[in-house]
Amino acid sequence: MSITNGGDTLRIAIPNKGSLSQSASDMLREAGYKQRTDSKQLTLTDTDNAVEFFYLRPRDIALYVGEGTLDVGITGRDLLLDSGAKAEEVLPLGFGRSRFRFAAPAGTVRDLDGLAGTRIATSYDGVVRRYLEERGIDATVTRLDGAVETSVQLGVADVIADVVETGSTLRQAGLEVFGETILESEAVLVTRAGSAVPTGFEVFRRRLEGVLVARSYVMMDYDIPVEHVERAVALTPGIESPTVSPLHREGWVAVRSMVRRDTAHRVMDELYDLGARGILSTDIHAARL
Ligand SMILES: Nc1ncnc2c1ncn2[C@@H]1O[C@H](COP(=O)(O)OP(=O)(O)OP(=O)(O)O)[C@@H](O)[C@H]1O
Ligand SMILES: O=P(O)(O)OC[C@H]1O[C@H](OP(=O)(O)OP(=O)(O)O)[C@H](O)[C@@H]1O
Ligand SMILES: [Mg+2]
């Protein structure tokens with residue numbers, strides 16, 4: 001890939017509004033980057049970190065990155081796939097999770113076989129057309145910008161294909177999902193497909209990975225009689241290997257290890273049962289693995 005910005009500044013596209021915008025900014029702030037304070041601001045240069053942020057519609061982000069105009073972007077996996085842009089997912093970011101599903105009024109269309117000949121409304125026509133094509137289903141796809149659920153009630157479509165998070169919008173519209181989940185989406189980091197790594201990208205990626213680790217792990221410390229240490233470290237193997245340090249108290253050691261946050265309380269209970277004491281779990285603020 002040619003360096004399009006002619007310098008060493010990494011040019012990053014991030015959502016300016018919508019479901020992903022706030023979480024993307026929060027994550028970048030946690031990774032040590034400057035973020036805008038005014039939601040109308042279009043760009044922001046963080047000179048200390050040699051990056052420049054462009055606040056764009058999430059739907060357009062894969063296109064800018066695919067064209068090489070911008071080096072890297074944060075968008076939804078569903079939007080990336082829908083765009084058909086030459087951009088590729090390099091890191092899932094763990095927020096903005098949703099499922100993309102077909103739905104219809106209760107008791108009308110119940111499965112994929114029932115889709116043939118229907119009118120399907122969606123904002124993701126690229127994803128839907130490909131899905132139908134791969135399965136040889138012949139249906140009419142209409143692209144709408146939003147509020148897709150209402151199109152059925154208004155007689156514009158028989159079926160919708162849309163983002164489902166809690167399912168409350170579907171319920172309100174009297175629609176029920178059917179068929180398998182078309183795709184599972186979340187916010188993802190994208191770069192231009194098949195291109196050389198842009199200057200500064202590895203640092204940027206490592207910082208975001210650091211945030212993911214800090215969010216999903218805690219640091220656990222405990223003291224344990226030396227005869228139980230093998231069983232204890234089997235419970236807390238950490239990412240590399242736990243640190244085991246001598247204690248002044250004869251026959252005891254101190255152990256420090258990273259533990260997945262969602263298992264931390266269960267692990268603490270099990271460590272206690274093994275004879276560990278002084279078991280502490282603390283948040284990790286930043287990490288580079
Ligand atoms: N509840 C949700 N509604 C819509 N999109 C969601 C939701 N949860 C996660 N997402 C993800 O957000 C992205 C959609 O971005 P978009 O900017 O269209 O959000 P939006 O909330 O629909 O905003 P807007 O409707 O104002 O354009 C997709 O990747 C989608 O999977
Ligand atoms: O399952 P739920 O939690 O109800 O969320 C899903 C709904 O949220 C989004 O709509 P949005 O508010 O973005 O409006 P839009 O359709 O105009 O984009 C999406 O398009 C669904 O309609
Ligand atoms: Mg929307």
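Given the structure is predicted, the values throughout are model-derived calculations rather than measurements. (Residues numbered from 1 in each chain as written. Chains lettered and ligands numbered in written order. Predicted model: local features only at pLDDT ≥ 70, side-chain atom pairs only at ≥ 80, totals over all residues.)

With glycine set apart, most residues show a phi of negative sign, and most peptide bonds adopt trans. For Ala50, which is not glycine, the phi torsion reads 55° and is therefore positive. Along the chain, Ala50 falls in the loop between strand S2 (43–46) and strand S3 (51–56). When the 15 C-beta atoms within 10 Å are taken as the criterion, Ala50 is described as partly exposed. Although it is not a glycine, Ala147 sits at a positive phi angle of roughly 45°. (Helix = DSSP H or I, 4+ residues; strand = E, 2+ residues; numbered from the N terminus. Buried ≥ 20, exposed ≤ 12 C-beta atoms within 10 Å, placed from the backbone.)

Attention now goes to the UniProt feature "domain: ATP phosphoribosyltransferase catalytic" (unreviewed entry) in the protein. UniProt records the feature "domain: ATP phosphoribosyltransferase catalytic" (unreviewed entry) at residues 57–195, using the numbering of this structure. The annotated region residues 57–195 carries 26% helix and 36% strand content, and the separation between its end C-alpha atoms amounts to 23 Å. (UniProt positions renumbered as here; feature names shortened; annotations may be inferred.)

This paragraph deals with the site of ligand 1. Around ligand 1 there are 14 residues in total, and Gly18, Ser19, Gly76, Ser98 and Glu165 lie nearest to it. Looking at the shell around ligand 1 residue by residue, the class counts come to four nonpolar, seven polar and three charged. The residues that make up the shell around ligand 1 include at least three from each of domain 1 (10–97 + 186–199) and domain 2 (98–184). (Near = placed C-beta within 6 Å. Nonpolar A, V, L, I, M, F, W, Y, C, P; charged D, E, K, R; others polar. Domains from an automatic or database assignment.)

The positions UniProt marks with the feature "domain: Histidine biosynthesis HisG C-terminal" (unreviewed entry) are residues 214–285. Between the C-alpha atoms that bound residues 214–285 there is a distance of 6 Å. The span itself is 29% helix and 40% strand.

Time to look at the sheet that holds strand S6 (residues 98–105). Overall, mixed pairing links the five strands, which are arranged S8-S7-S9-S6-S10 in an open sheet. Since the sheet does not close on itself, it has two edges, and those belong to strand S8 (140–143) and strand S10 (175–185), each with one partner. In this sheet, neighbouring strand axes are inclined to one another by 25° on average, regardless of whether the strands run parallel or antiparallel. (Pairing = 2+ DSSP bridges. Axes fitted to C-alpha atoms, helices over the stretch in contact; angles between N-to-C directions.)

On to the site of ligand 2, then. Taken together, Gly146, Ala147, Val148, Glu149, Asp162, Val163, Val164, Glu165, Thr166, Gly167, Ser168 and Thr169 make up the full set of residues adjacent to ligand 2. Per-element tally for the shell around ligand 2: the top contributor is strand S9 (residues 159–164), with three residues. Here the shell around ligand 2 is composed, by residue class, of four nonpolar, five polar and three charged.

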